[in-house]
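# Commentary on secondary and tertiary structure
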Amino acid sequence: MFEEASVEFVCLETERAGHGEEIAVSTDLSLYSGIVIVSGDGLLFEVYQGLMARPDSAQAVLTPVGILPAGSGNALCCSICHAAGEPFLHDMLTHSTFVLLKHHIRPMDLIALDTVAGRKYSFLSLTWGLIADIDIESERFRALGNARFTVEAIFRILSPRAYKGKLSFLPNSPYTHKSRSQTVTLLSQSQREQPATNGKVRSASTPNLSPHTTELGTAANTLGNGHADGAVRDIQEVEETGSEGDAEEEIELPPLDQPVPEHWVTIDDYFVSIVAVYQSHIGPEILAAPAATMTDKLIHLLIIRSPVTRLQMLNIMTQLETGSHTNNPQVELVAVKAFRLEPLELRGNMVVDGEKVAYGPVQGKVLPSAARVMAL
């Protein structure tokens, strides 16, 4: 298809982990009209780290980037095709190539993530708990392709885990907890600084409530929107009006060792999984945030708290294929402008854009329309 469209290109093969970042740092981008990644989401993650590490990062990150699916997850390909109304469950490569050859350039938000290993730049998601475990521990089944995630998910449903942690966020609109078996309110600043208690979440404005207490051993035996218009503004409109973030005050994140602002929501509990996602899909069969678009300036937090049963967990995994999990009482999907996740377990998996990152506290905020992608 590239030859028929008379597209000239230079092919560079990565030889080791991190090589994509090195290429993005050293390449003379003025010689090219764009970068096309033929791989999974992990290589694109490397490329964005390289673009943002350059002295001319502000201009380099505006280089149009496209992606052809050659990995296991291919979530960005799925999200781009989904927004364009292109089918992708069958012959994703053909449909993604069609999108690239149209060469429509669209803006895309990036997320600045502060981790214990320094700042990272993310285009897709951050996962912790169940989804991260499936992503990383399914590596033993890599020969199965995308099916490896399904196989590992079955193992995780049969041997469930729950993780103690603290999640804080700045909601895009007033936060109302989705009703379920326990009552949850907000932590005041002084309560945030107190030692964590098992499942207790209190409010600064209400009396103490009956605590929801979950021992990890017990939790281990128990584990719960329609699609918005995918069209985004043409790149020319963005250039004419300036950055979409210009009209809003930039959010300043405190250092990771300092408390979050008073007006943030904080939840201290056992979690089965937390996913911070900024695209509609995190896999071909995982429509994690049906309403997400590439330029909505939002982080969509998918929260599954313990306890839920194995059957409920199986239902959630099935519903993720269609996006109907948004109606599941065991699942919360909250649109936020910034967040912080503080794992209170000593071990676990934390994954950014399909790549395992240093385990520990992490926080993120939106960089509106920071990147450019080839999409419809």
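In case you missed it, the structure is sitting above this.
Attention in this report is confined to the structure presented alongside it.

About the criteria used
Residue indices begin from 1 for each chain and proceed along its sequence in written order. In keeping with the predicted nature of the model, local features appear solely for residues at pLDDT of at least 70, side-chain atom pairs appear and are counted solely at 80 or more, and the whole-chain, interface and lining totals rest on all residues. In computing side-chain properties, one takes all heavy atoms of the structure into account and sets aside hydrogens as well as water. Stacked, tilted and edge-to-face are the three classes applied to pairs of Phe, Tyr and Trp rings, where Trp contributes its six-membered ring and a pair requires centres within 6.5 Å; stacked means planes under 30 degrees apart, edge-to-face means over 60, and tilted covers the rest. Secondary structure counts use DSSP, requiring at least four H or I residues in a row for a helix and at least two E residues in a row for a strand, with both numbered from the N terminus. Burial status follows relative accessibility: with a 1.4 Å probe on protein chains alone, a residue under 20% of its type maximum counts as buried, one over 50% as exposed, and anything between as partly exposed. Think of it as a cone above the ring: NZ of Lys or CZ of Arg counts as a charge over the ring if it is within 6 Å of the ring centre and within 35 degrees of the ring normal. Note on contacts: a residue pair is in contact if any heavy atoms of the two residues lie within 4.5 Å. Axis lines are fitted through C-alpha atoms, for helices just across the contact stretch, and the angle between N-to-C directions can take any value from 0 to 180 degrees. These descriptions rest on fixed angle ranges, namely under 35 degrees for roughly parallel, over 145 for roughly antiparallel, 65 to 115 for roughly perpendicular, and the rest for oblique. Crossing handedness follows the turn of the near helix against the far one: under a right angle anticlockwise gives a left-handed crossing, and clockwise gives a right-handed one. One less than the number of residues in a helix, times 1.5 Å, gives the span that helix is expected to have. When we speak of the arc, we mean the arc of directions from the helix axis to the C-beta atoms. Candidates for patches are residues over 30% relative accessible area with no salt bridge; among them, like charges are joined within 9 Å and nonpolar side chains (Val, Leu, Ile, Met, Phe, Trp, Tyr) within 5 Å. Values of accessible area rely on a 1.4 Å probe in the Shrake-Rupley scheme; residue burial ignores everything except the protein chains shown. Only one rule defines a salt bridge in this text: a Lys or Arg side-chain nitrogen within 4 Å of an Asp or Glu carboxyl oxygen. For this analysis, a polar contact is any N or O atom pair within 3.5 Å, provided that within protein one partner can donate a hydrogen and the other can accept it, and provided that sequence-adjacent residues contribute only side-chain to side-chain pairs.

### Let's talk about the packing of aromatic side chains
For the structure on display, the rule yields five aromatic pairs. When the ring of W128 is compared with that of Y163, the centres are 5.6 Å apart and the planes differ by 50°; the resulting orientation is tilted. Linking W128 in strand β5 (residues 125–129) with Y163 in strand β6 (residues 163–171), this pair joins segments that are 35 residues apart in sequence. Here W128 matches Y163 in class, with each residue buried. Taken together, the ring pairs in this structure connect W128, Y163 and F271 into an aromatic cluster. Taking NZ or CZ as reference, R140 lies 5.0 Å from the ring centre of F155, over its face. The ring of Y270 carries K164 above its face, with NZ or CZ at 5.9 Å from the centroid.

### Let's talk about helix α6 (residues 130–137)
Across the eight residues that make up α6, a large majority, seven, are buried. Within the span of α6, buried status applies to L130, I131, A132, D133, I134, D135 and I136.

### A short note on the side chain of S79
Checked against the element boundaries, S79 lands in helix α4 (residues 75–84). Excluding residues within four positions of it along the chain, S79 makes contact with Q279, S280 and H281.

### With respect to the environment of S72
Of note, S72 is situated in the loop between β2 (65–69) and α4. A residue is classified by how much of its surface remains accessible, and S72, at 9% relative accessible area, is buried. Separated by 74 residues in sequence, S72 and N146 have C-alpha atoms that sit 4.7 Å apart. If we ignore the near neighbours within four places in the chain, the residues touching S72 are R142, G145, N146, R148 and F149.

### A short note on unusual backbone geometry
The omega torsion of the bond from S306 to P307 falls at 10°, within 30 degrees of zero and hence cis. Structurally, P307 can be placed in the loop between β8 (299–305) and α11 (310–319). Even without a glycine there, the phi angle at K297 is positive, about 60°. Tracing the backbone shows K297 in the loop between β7 (265–277) and β8. Even without being a glycine, S369 presents a positive backbone phi close to 50°. Turning to its location among the elements, S369 is positioned in strand β12 (residues 362–374).

### Details of the packing of α6 against helix α7 (residues 147–158)
Two elements in contact, α6 and α7, have axes separated by 9 Å at closest approach and are oriented at 125°. Regarding the angle of α6 to α7, the classification is oblique. Taken as a pair, α6 and α7 cross one another with a handedness that is right-handed. Where α6 abuts α7, its residues L130, D133, I134, D135 and E137 lie against R148, F149, E152, A153 and R156.

### Brief notes about α7
The end-to-end C-alpha distance of α7 is 17 Å, a good match for the 16 Å that 12 residues give at a rise of 1.5 Å each. Those residues of α7 lying buried are R148, F149, E152, A153, R156 and I157. Around the axis of α7, the buried residues are gathered within 165° of arc, so they sit on the same side. Buried residues along α7 sit against α6 and α11.

### A short note on a nonpolar patch on the surface
On the surface, a cluster of nonpolar side chains totalling about 430 Å² of accessible area is made up of M1, V7, F9, F98 and L101. By the secondary structure assignment, L101 is in helix α5 (residues 92–102). Under the relative-accessibility criterion, L101 is labelled partly exposed at 30%.

### As for the environment of R161
Tracing the backbone shows R161 in the loop between α7 and β6. Note on R161: relative accessible area 31%, which makes it partly exposed. Here the alpha-carbon distance between R161 and D133, two residues 28 residues apart in the chain, equals 9.7 Å. Here the side chain of R161 touches D133 through a polar contact of 3.0 Å, side chain to side chain.

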